[in-house]
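Listed here are the chains, written in short residue letters.
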Amino acid sequence: MSDASNIPADHPRAASLRTRERMKDAVRDGLVHPTGLIAHGRGEAFDYLLGEKTPPEALEAITEAARLLKSARQPVLSLNGNVVALAAEACVEVAKAHPKLRLEVNLFHRTPERVSKLVSTMRAAGAKDVLGEKPDFRIPGLTSDRAQCSKAGIGEADVVLVPLEDGDRCQALKAMGKTVITIDLNPLSRTARAADVTIVDELTRALPLLTKALRASPGKAKKYDNHDVLQRVKARMAGLLTE
Ligand code: PTJ
């Protein structure tokens, strides 16, 4: 299989194969870091354990995430290479649903060229304002390049949505007193466990649901326990394994 046009439409996993092609092209174009393909494969494996469907626990987490984002003083959606390659338009829709939310490119494998390409991709997808090209702030306690961010974005944010995150930064953001929301198919990851709200779902399924929740009128706040949500989603995955 050399490109997306060779994938038969009736192939049972055509959608997944097309996404793989898109990720491969995004590596070629310098948007996704090569190790992003490994992260994607790990995500695919965990998605099997969800039956490739949004679980009810993710819907609970999405409702809580929307509530936190709507009541935030300065909410930020942090973007990495995988997130932009998979879901640039869906991220723009989230931002449109919540005009206070700022978009910021923040990378683990940071180069100025990659940041600029990702910012341009977001602009081409309809984003008006994307931070990240002029970092003027460092996240304390992080030695990786991911510490470099914008004061007006992640630096001053009180609520940060960080999909497909690595654990170190999640913990560093928490240590700064921020509320962290993540989208991560792996409920065992350090990020999943450290975040305040973990949406265990596939990014491209979860983002439109988040947009819908942001547009909905706020319902009554329900008690939310992230540890309990993670326990239930793990039990769901284990159940699927033993079916
Ligand atoms: O673009 P950069 O340089 O910032 O690098 C981005 C990656 C993703 C390479 C970097 O952040 C990384 O290595 O991440 P990790 O530590 O592999 O974590 C990514 C997490 O996202 C893993 O737990 C995966 O299971 C999960 N994941 C992968 N694809 C998806 C996903 N979760 C939801 N939807 C997906 N499509």
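Details of the structure are given in the entry above.
We now turn to the structure provided with this report. (Residues numbered from 1 in each chain as written. Predicted model: local features only at pLDDT ≥ 70, side-chain atom pairs only at ≥ 80, totals over all residues. Heavy atoms only, no water.)

**Observations regarding the site of the ligand**
Then, number 1: If you check the shell around the ligand, you find 23 residues, and the closest are Phe 108, Arg 114, Asp 184, Glu 202 and Leu 203.
Then, number 2: Between Phe 108 and the ligand, the recorded distance is 2.8 Å, taken from a backbone N or O atom to an oxygen atom.
Then, number 3: In this structure, a nitrogen atom belonging to the ligand sits 2.7 Å away from a side-chain N or O atom of Glu 202.
Then, number 4: Contact with the protein chains hides 92% of the accessible area of the ligand, taken as 740 Å² for the molecule alone.
Then, number 5: The set of elements that each furnish at least two residues to the shell around the ligand consists of helix 2 (35-49) and helix 4 (81-97).
Then, number 6: By residue number, the principal contributor to the shell around the ligand is helix 2, which donates five residues.
Then, number 7: Counted by class, the shell around the ligand contains seven nonpolar, eight polar and eight charged residues. (Near = heavy atom within 4 Å. Polar contact = N/O pair within 3.5 Å; in protein donor to acceptor, adjacent residues only side chain to side chain. Areas by Shrake-Rupley, 256 points an atom, 1.4 Å probe, with all protein chains shown as cover. Helix = DSSP H or I, 4+ residues; strand = E, 2+ residues; numbered from the N terminus. Nonpolar A, V, L, I, M, F, W, Y, C, P; charged D, E, K, R; others polar.)

**Some words on the pairing of strand 7 (residues 179-183)**
When a strand is regular, its side chains alternate between the sheet's two faces.
Then, number 1: Of all five residues making up strand 7, four are buried, and the element is well covered by its neighbours.
Then, number 2: In this sheet, strand 7 lies alongside strand 6 (residues 159-161) in parallel orientation, the contact comprising three bridges. Across the sheet, Val 160 pairs through a bridge with Val 180, a residue of strand 7.
Then, number 3: Taken together, strand 6, helix 7 (residues 167-175) and strand 7 form a β-α-β motif whose crossover is right-handed.
Then, number 4: Relative to strand 8 (residues 197-199), strand 7 runs parallel, the two being bridged by three bridges. Residue pairing in the sheet places Ile 181 in a bridge with Val 197 of strand 8. (Buried < 20%, exposed > 50% of the residue type's maximum accessible area, 1.4 Å probe, protein only. Pairing = 2+ DSSP bridges. Right-handed = clockwise from strand over helix to strand, strands pointing away.)

**Here we look at the nonpolar core**
Then, number 1: Ranked by internal contacts, the top residues of the largest apolar core, which has 51 residues, are Leu 79, Leu 103, Met 122, Ile 181, Ile 199 and Leu 210.
Then, number 2: Formed by 15 residues, the second largest nonpolar core is a distinct cluster that contains Ala 157, Cys 170, Ala 194 and Ala 195. (Core = buried A, V, L, I, M, F, W, Y, C linked by side-chain atoms within 4.5 Å.)

**Here we look at the pairing of strand 1 (residues 75-79)**
Then, number 1: Burial analysis of strand 1 places five of its five residues in the buried class, the great majority of the element.
Then, number 2: Tracing the backbone out of strand 1, into helix 4 and back to the parallel element strand 2 (residues 102-105) gives a crossover that is right-handed.

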